[in-house]
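Survey of secondary and tertiary structure
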Amino acid sequence: MIPVVPVKINTQIFRIVLIVGLAVLSGGCAATSSQFGQNAETEARRGDRDPLIRFNRSMLDANLKVDRYVLKPAARIYARLPQPVRSGVGNFFSNLGEPTTIANDLLQGKLAHAGRDTGRFVINTLVGWLGTVDVASAIGLPKREEDFGQTLAVWGVPAGPYLVLPLLGPSNLRDLTGQFTPEYFNTDLTADLEYPASLYVTGLEAVHARAGFLGADQALELQPDKYLFLREAYRQERALLIDDRDPQDGAGEDGFIDELLEEEGAN
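The following refers to the structure shown.

Calculation criteria
Residues numbered from 1 in each chain as written. Predicted model: local features only at pLDDT ≥ 70, side-chain atom pairs only at ≥ 80, totals over all residues. Heavy atoms only, no water. Helix = DSSP H or I, 4+ residues; strand = E, 2+ residues; numbered from the N terminus. Contact = heavy atoms within 4.5 Å. Areas by Shrake-Rupley, 256 points an atom, 1.4 Å probe, with all protein chains shown as cover. Core = buried A, V, L, I, M, F, W, Y, C linked by side-chain atoms within 4.5 Å. Buried < 20%, exposed > 50% of the residue type's maximum accessible area, 1.4 Å probe, protein only. Pairing = 2+ DSSP bridges. Axes fitted to C-alpha atoms, helices over the stretch in contact; angles between N-to-C directions. Left-handed = near helix turned anticlockwise from the far one by under 90°. Nonpolar A, V, L, I, M, F, W, Y, C, P; charged D, E, K, R; others polar. Phe/Tyr/Trp six-rings, centres within 6.5 Å; stacked < 30°, edge-to-face > 60°. Salt bridge = Lys/Arg side-chain N within 4 Å of Asp/Glu carboxyl O. Polar contact = N/O pair within 3.5 Å; in protein donor to acceptor, adjacent residues only side chain to side chain.

This paragraph deals with the overall build of the protein. Scanning the protein from terminus to terminus reveals 13 helices and 2 strands. Sequence separation of at least 24 residues holds for 74% of the intrachain contacts in the protein that already meet a minimum separation of 6. As displayed, the protein has an accessible area near 13,800 Å², and 61% of this comes from carbon and sulfur atoms.

The following block contains the structure:
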């Protein structure tokens, strides 16, 4: 059996660009590298902040090449499918991730959140055709995300050094540790699939997620220093999730992204 790599981190690089980068673009200007540090040499001297900067920069370059020649072309083809089909696929995979959120709600002592997220999972599974239709959001149970990296943060575990993982993208030591949870904490409903089914499912989920972030490409290309931009954006995005804060005054992440894309398209 070939282990299934979580796809959530695979597309993190584009998710944080949408949350931070498109916000910058909608304001009519691109972020500058000075916002995230003076230059690479300065950052290298700050060993306590980014001791792995040389490795991380090399790995980011490699990851972006893989995306350019493999994942992005596949996502462009997938994006031609009818919107209802793509929405159904996205809702289905989102629903599969609900048990992970529920488990981490409980581990963090968020009992009210656990109850609502359980209700969301049950409703979408039973009424929403196995999660392909997001009925729960329409009745006031919006999507939330909790993972074991967030749980470790709530428990007081420090983030540790920033780390760019091969193919998986931005992370840190704490979030990397959170990916390797004990088997009895494993709530990934696709984890027990046998090869090649596991490969097909992981590939489809990755391509679907990447297709949703095609609008982030321009934002990333406009950055003078992609590495510094992505590093600080990742840190900010994780801080928002850990503190249960939304990217924009109570708006859900999906709505925030949609609004930014609409604004960018109008410019």
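Still more to cover.
So, on to the nonpolar core. Judged by nonpolar contacts, I53, M59, L60, L64, Y162, V164, L220, Y227, L228, F229, L230 and Y234 together constitute the single largest core of 12 residues. Put simply, the parts of the chain that give this core at least two residues each are α3 (53–78), β1 (162–165) and α12 (226–242). With 5 residues, α12 is the single largest residue contributor to this core. One finds A75, Y78, L96 and V207 within the second-largest nonpolar core, a separate group that totals 9 residues.

So, on to the pairing of strand β2 (residues 169–172). With 4 bridges joining them, β1 and β2 adopt antiparallel strand pairing. Within the sheet, the bridge partner assigned to L165 lies in β2 and is G169. What sits between the antiparallel neighbours β1 and β2 is a turn of 3 residues, in which L167 has the positive phi angle 70 degrees.

Closest axis-to-axis distance for the helix α4 (residues 83–96)/helix α10 (residues 197–212) pair is 10 Å, and the angle between their directions is 115 degrees. Where α4 crosses over α10, the two elements pack in a sense that is left-handed. Facing α4, whose interface residues are R86, V89, G90 and F93, α10 presents V201, L204, E205 and H208. Residues of the contact of α4 with α10, tallied by class, amount to 4 nonpolar, 2 polar and 2 charged.

What follows covers the packing of aromatic side chains. A full pass over the atoms with the stated rule returns 4 aromatic pairs. A network of ring pairs unites the aromatic residues Y162, Y227 and Y234 as a single cluster.

With that settled, the discussion passes to the pattern of salt bridges. Oppositely charged side chains are able to pair whenever their charged atoms sit close together. Taken as a whole and judged by the stated rule, the model has 19 salt bridges. Across the pair D217 and R210 runs a salt bridge, and its minimum N-O distance is 2.8 Å. Here E221 and K226 are joined by a salt bridge, their closest N and O atoms 3.9 Å apart. Here the salt bridges share partners, and the residues they tie into one network are D105, K110, D117, R144, E146 and D244.

Below, the discussion takes up the side chain of D147. Relative to the helices and strands, D147 resides in the loop between α7 (135–138) and α8 (148–154). We classify D147 as buried; its relative accessible area is 13%. Of the polar contacts made by the side chain of D147, one reaches the backbone nitrogen of G149; its length is 3.0 Å. Polar contacts involving the side chain of D147 include one to the side chain of R238, which spans 3.0 Å.

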